[in-house]
Amino acid sequence: MAAGLPRPHHVLLLLVLLPPSPLLCATTQMAPTTAVAGDEGAASALLELLQRVQTEALRALGPEGFDPKLYVDLPLSTDERTAAAALPPPEPAPSRAEMEAYLARYFGKAGSDLVEADPPDFDPEPTGFLPRVGSPEARAWALEVHALWKDLARRVAPAVSERPERHTLLPLPGRVVVPGSRFREVYYWDSYWVVRGLLVSKMYDTAKEVVLNLVYLVETYGFVLNGARSYYTNRSQPPLLSSMVLDVYGATGDVEFVRRAFPSLLKEHSFWMSEVHNVPIRDNHGQVHNLSRYQARWNKPRPESATIDEELASKINCIADKEKLYHQIASTAESGWDFSSRWMRNSTDMTTLATTYIIPVDLNTFIFKMERDIAAFAKLVGDNATSEEFLKASKARHIAIDSILWNSEMEQWLDYWLPTDGDCQQGGYQWKSDSQNRKIFASNFIPLWLNAHHSGSVQFADAAKSKRVMASLQKSGLLCAAGIATSLTNTSQQWDFPNGWAPVQHLIAEGLLHSGSEEAIKLAEDIATRWVRTNYAAYKATGAMHEKYDVEACGKSGGGGEYKPQTGFGWSNGVVLSFLEEFGWPEHKEIGCT
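Residues numbered from 1 in each chain as written. Predicted model: local features only at pLDDT ≥ 70, side-chain atom pairs only at ≥ 80, totals over all residues. Heavy atoms only, no water.

Within the protein, the regular secondary structure consists of 18 helices and 16 strands. Taking the principal axes of the C-alpha coordinates as reference, the protein spans close to 65 × 65 × 50 Å. Looking at the protein residue by residue over its 594 residues, the buried ones come to 60%. Counted over contacts in the protein with a minimum sequence separation of 6, partners at least 24 positions apart contribute 73%. Separation of charge centres in the protein, based on 57 positive and 71 negative side chains, amounts to 1 Å. (Helix = DSSP H or I, 4+ residues; strand = E, 2+ residues; numbered from the N terminus. Buried < 20%, exposed > 50% of the residue type's maximum accessible area, 1.4 Å probe, protein only. Contact = heavy atoms within 4.5 Å. Lys, Arg positive; Asp, Glu negative; His and termini not counted. Charge placed at Lys NZ, Arg CZ, Asp CG, Glu CD.)

Structure below.
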């Protein structure tokens, strides 16, 4: 371990024991076993206690406004055994006063094991900030959004490294930028747009720290965790670490930074290429393609949402079937799209989640980008053999994406559903056209983003294909008054209609911007304009940036899902600043809702 880094936070890991797979086919029957060593037993005991506290708090305080995550984020003020012995017995149910007194005596406040940390590279009005923003109103607001980095900057308190058995928070070597509200710790894919925003804000050192914290997680756990909590060690999130490294390098030219991160990028790629995530599919020409899927290593309720997961699973009697559902729930959380009808066999029934049976368009887009990035970094650090290896891997994945996921009739890339009956032949699953999911989701258009990140003259989708995809997007029904909807189905899940999310707007708009036609540039600018306006209007109305927005009406924040809408908000801030940098805002252009 590099000097100066905190010692690893020991946690209880559930390790997947996959059955032997001579056919190389995907399995989703998780058989986790516990691996307890050193302080991991203490970490497990803490999590078990906090989940008991979560359950009893729900009984004592009632469901109104109840957030189960709060209780697994509480740091212990004493040792676990003392707190466990003092927990009020389940019968009779503790009163509100008893529970509040117990929490006050034995726990610190959630988030108190993070301390505020003003970024030293923050400047209230940085030199060269948003040169293309001529509107005084837009610039004043952009500076307020820029100032939010100070509010969201934290450092893990020393007590976490000193007494890790009292915290679910993981120690990290550097300053972090949290999303906001209930999300008190650093998150993986949120951090990509945080980094993009920090680079707009000329906060290069803070951006590097954010990335190196994620590198530390890879070094410690073998992959980037969903978030920096012990209860997230069973899953990752959409893999964008290489993209963060590339963008920081592009802004700073720091080759040593790339050299520092490079081994972790190789390790992360191995994680996504492991048998847990890799799926071979044979096309109609007999060619076997390797693509990736989400799959958490977990088959229990998510600790941060245990009471919610247990309530959902209460409809199921068989323990094995409950475990299968918990595995699908955690795997969906790994996707970042938790939750959406995209992952359900029946869009009205969460118990039909089947994420591990789906080859997602966006995940494979991100891994293709990772392979291209690693090829470029390897060349940069003088490792030409690795560069050639990853260039070859990226070309193979490009062919795989277009062979398995592309639909020429719809002019979109579509998620692919694997059979649940184990119908696997020698060498992989046989591709079937009717296994593509023909429902329209914003993710179907995310490969366009690769047009913004290519080397030389070779684009992921050439100008003609990009134009067809753009036309498909225009008639998809996803383009709404205030941005791109996540889906066309209103299920009350937060990654469905009418919600729009900052990452989706940015990925698609940035792809369109570099697709090679004036019409695509205009559409990209239109999407960015609508998104900036809705963020501005909501900010002026509420004084906050929001996690998600309702794209049916300008200035309306989003809803749905298993927790109340959050503010802060890391990736929303980053995308607004990125859009203002990429597209500008002329002096006389109206920024309010029109």
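Following the structure, the description resumes.
What follows is about the sheet that holds strand β4 (residues 153-156). Taken in spatial order, the three strands line up as β3-β4-β5 in an open sheet, and their pairing is antiparallel. In this open sheet, the two edge strands, each paired with only one partner strand, are β3 (114-116) and β5 (176-177). Of the strand pairs in this sheet, β4 and β5 are connected by two bridges, and their pairing is antiparallel. Counted as the bridge partner of A153 is V177 from β5. (Pairing = 2+ DSSP bridges.)

All right, on to the packing of aromatic side chains then. Counting across every chain of the model gives 31 aromatic pairs. Aromatic side chains Y192 and W193 sit 4.9 Å apart centroid to centroid with 85° between the ring planes, which places their arrangement in the edge-to-face category. Exposure remark for W193: the relative accessible area of 0% places this residue in the buried category. Aromatic pair W337 and W495: ring centres 5.1 Å apart, planes at 25°, arrangement stacked. Of the two residues, W337 is situated in the loop between α12 (319-335) and β8 (358-359) and W495 in the loop between β14 (483-484) and β15 (499-500); the sequence distance between them amounts to 158 residues. An identical accessibility class is assigned to W337 and W495; each is buried. Positioned over the ring face of W298 is K300, at 6.0 Å from the centre of the ring. Over the aromatic face of W406 sits the side chain of K465, whose NZ or CZ is 4.1 Å from the ring centroid. (Phe/Tyr/Trp six-rings, centres within 6.5 Å; stacked < 30°, edge-to-face > 60°. Lys NZ or Arg CZ within 6 Å of the ring centre and 35° of its normal.)

The subject of this paragraph is the sheet that holds strand β12 (residues 429-430). Taking strand neighbours across the sheet as the criterion, the three strands line up as β7-β6-β12 in an open arrangement whose pairing is mixed. The strands lining the two open edges of the sheet, one partner per strand, are β7 (288-292) and β12. Pairing analysis gives two bridges linking strand β6 (residues 278-282) to β12, with the strands arranged parallel. Bridging from a neighbouring strand, I281 pairs with Y429 of β12. Strands β6 and β7 of the sheet are contacted by helix α14 (residues 384-405), whose axis makes an angle of about 95° with β7. (Axes fitted to C-alpha atoms, helices over the stretch in contact; angles between N-to-C directions.)

Strand direction decides the pairing type here: β6 and β7, joined by five bridges, are antiparallel. Looking at β7, one finds that P280 is bridged to N290. Between β6 and β7, which pair antiparallel and follow one another directly, the connecting turn spans five residues, one of which, G286, has a positive phi of 85°.

Counted by the stated rule, this structure contains 33 salt bridges. Linking R342 and D415 is a salt bridge whose minimum nitrogen-to-oxygen distance equals 2.6 Å. Taken together, the positions of R342 in the loop between α12 and β8 and D415 in the loop between β10 (412-413) and β11 (416-417) put the pair 73 residues apart, joining distant regions of the chain. Taking the relative accessible area as the measure of exposure, R342 reaches 0% and is therefore buried. Of the charged contacts, one joins R397 and E371 as a salt bridge, the two residues approaching to 3.2 Å between their closest N and O atoms. (Salt bridge = Lys/Arg side-chain N within 4 Å of Asp/Glu carboxyl O.)

Here the focus is the confidence of the model for the protein. Per-residue pLDDT for the protein has a mean of 93; in total, 92% of the residues score no lower than 70. Confidence drops under a pLDDT of 50 for residues 31-38, and excluding neighbours within four residues, the segment shows 18 contacts in the predicted structure. (pLDDT = per-residue confidence, 0-100.)

Let's shift gears to the packing of helix α8 (residues 204-221) against helix α9 (residues 241-252). Here α8 crosses α9 at 150°, and the two axes come no closer than 10 Å. Viewed along their axes, α8 and α9 adopt a mutual orientation that is roughly antiparallel. In the crossing of α8 with α9, the sense of the turn from one axis to the other is left-handed. In this structure, α8 uses Y204, A207, K208, V211, L214, V215 and V218 to contact α9, whose residues at the interface are L241, M244, V245, V248, A251 and T252. Tallied by class, residues from the contact of α8 with α9 come to eleven nonpolar, one polar and one charged. (Parallel < 35°, antiparallel > 145°, perpendicular 65-115°, else oblique. Left-handed = near helix turned anticlockwise from the far one by under 90°. Nonpolar A, V, L, I, M, F, W, Y, C, P; charged D, E, K, R; others polar.)

Omega for the peptide link from D338 to F339 comes to 10°, which places this bond in the cis form. Within the fold, F339 resides in the loop between α12 and β8. Along the chain, F497 connects to P498 via a cis peptide bond; the corresponding omega equals 5°. With respect to the helices and strands, P498 occurs in the loop between β14 and β15. Here S181, not a glycine, exhibits a phi torsion of approximately 55°, which is positive. Checked against the element boundaries, S181 lands in the loop between β5 and α7 (188-200). The backbone of K202 shows a phi angle near 65°, a positive value even though the residue is not glycine. Topologically, K202 is positioned in the loop between α7 and α8. Among the residues examined, K202 registers a relative accessible area of 25% and is labelled partly exposed.

In this section: the state of the cysteines. Applying the stated criterion to the full structure yields one disulfide. A sulfur-sulfur separation of 2.1 Å characterises the disulfide bridge that pairs C554 with C593. Between C554 and C593 the sulfur-sulfur dihedral comes to about -85°; the bridge is accordingly left-handed. Taken together, the positions of C554 in the loop between β16 (549-550) and α18 (570-583) and C593 in the segment after α18 put the pair 39 residues apart, joining distant regions of the chain. The exposure class assigned to C554 is partly exposed, which follows from its relative accessible area of 30%. The exposure class of C593 is partly exposed, given its relative accessible area of 36%. C480 carries a free sulfur, and the closest cysteine sulfur to it, the one in C554, is 13 Å from it. Using a relative accessible area of 12% as the deciding quantity, one classes C480 as buried. (Disulfide = S-S within 2.5 Å.)

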